[in-house]
Amino acid sequence: MPEEALKNEGEIENVRVVVRIRPMDKNELDAGCQNVIKVDKANRSVTVVKPTANSSEPPKVYYFDNVFGEDSTQV
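An account of the accompanying structure is given in this report. Along each chain, numbering runs from 1 in the same order as the chain's sequence is written. In view of the model being predicted, local features appear only for residues whose pLDDT reaches at least 70, and side-chain atom pairs are presented and counted only at 80 or more, with totals across whole chains, interfaces and linings using the full set of residues. Note: side-chain values were computed over all heavy atoms of the structure, leaving out hydrogens and water.

What the protein chain contains, in helices and strands, is two helices and five strands. For the purposes of this entry, the term helix denotes a DSSP run of H or I that reaches at least four residues, the term strand denotes a run of E that reaches at least two, and both are numbered from the N terminus. Overall, the protein chain shows an N-to-C arrangement of helices and strands of α-β-α-β-β-β-β. Relative to its 75 residues, the protein chain shows a buried fraction of 11%. Any two residues whose heavy atoms approach within 4.5 Å at even a single point are treated as in contact. Within the protein chain, counting contacts between residues at least 6 apart in sequence, those at least 24 apart form 40% of the total. Areas reported as accessible are Shrake-Rupley estimates using a 1.4 Å probe. Residue values count occlusion only from the protein chains shown. Put simply, the protein chain shows about 6600 Å² of open surface, and 51% of that area lies on carbon and sulfur atoms. Categorising residues by exposure relies on relative accessible area from a 1.4 Å probe, with only protein chains included: less than 20% of the type maximum marks a residue as buried, more than 50% marks it as exposed, and the intermediate range marks it as partly exposed.

Along the chain, Asp 25 falls in the loop between strand S1 (18–20) and helix H2 (26–30). Asp 25 gets classed as partly exposed once you look at its relative accessible area, which sits at 36%. Engagement of the side chain of Asp 25 in a polar contact is seen with the backbone nitrogen of Asn 27, the distance being 3.2 Å. Distance and chemistry together define a polar contact, namely a pair of N or O atoms within 3.5 Å, with one atom able to donate a hydrogen and the other to accept it when in protein, and with adjacent residues in sequence counting only for side-chain atoms on both sides.

The strand order S2-S3-S4 describes an open sheet built from three strands, whose pairing is antiparallel. Here the strands that pair on one side only, and so sit at the sheet edges, are strand S2 (37–40) and strand S4 (60–63). Looking at each pair of strands side by side, their axes are set apart by 20° on average, direction ignored. We call two strands paired when DSSP finds no fewer than two bridges between them. With four bridges joining them, strand S3 (residues 45–48) and S4 adopt antiparallel strand pairing. The partner of Val 46 across the bridge, within S4, is Tyr 62. Between N-to-C directions, angles span 0 to 180 degrees; the directions come from axes that are lines fitted to C-alpha atoms, helices contributing only their stretch in contact.

As structure tokens, then:
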């Protein structure tokens with residue numbers, strides 16, 4: 001086995017996915033766009049509501065390792 005493979009043998013790689021929802025920009029607000037994303041920090045989920053969905057179509061919910069809403073800041 002190559003030395004690199006021996007060195008990494010037994011190691012487990014973990015990938016974490018973090019999502020930050022940006023605020024709507026001026027062009028979107030001026031165009032009358034509606035916000036279709038809801039952030040649930042407690043459950044670390046993002047719910048996407050399709051504005052043209054009929055009443056039988058549920059919103060899509062996605063879960064992540066962490067989520068940050070529109071009120072978060074980047075430093």
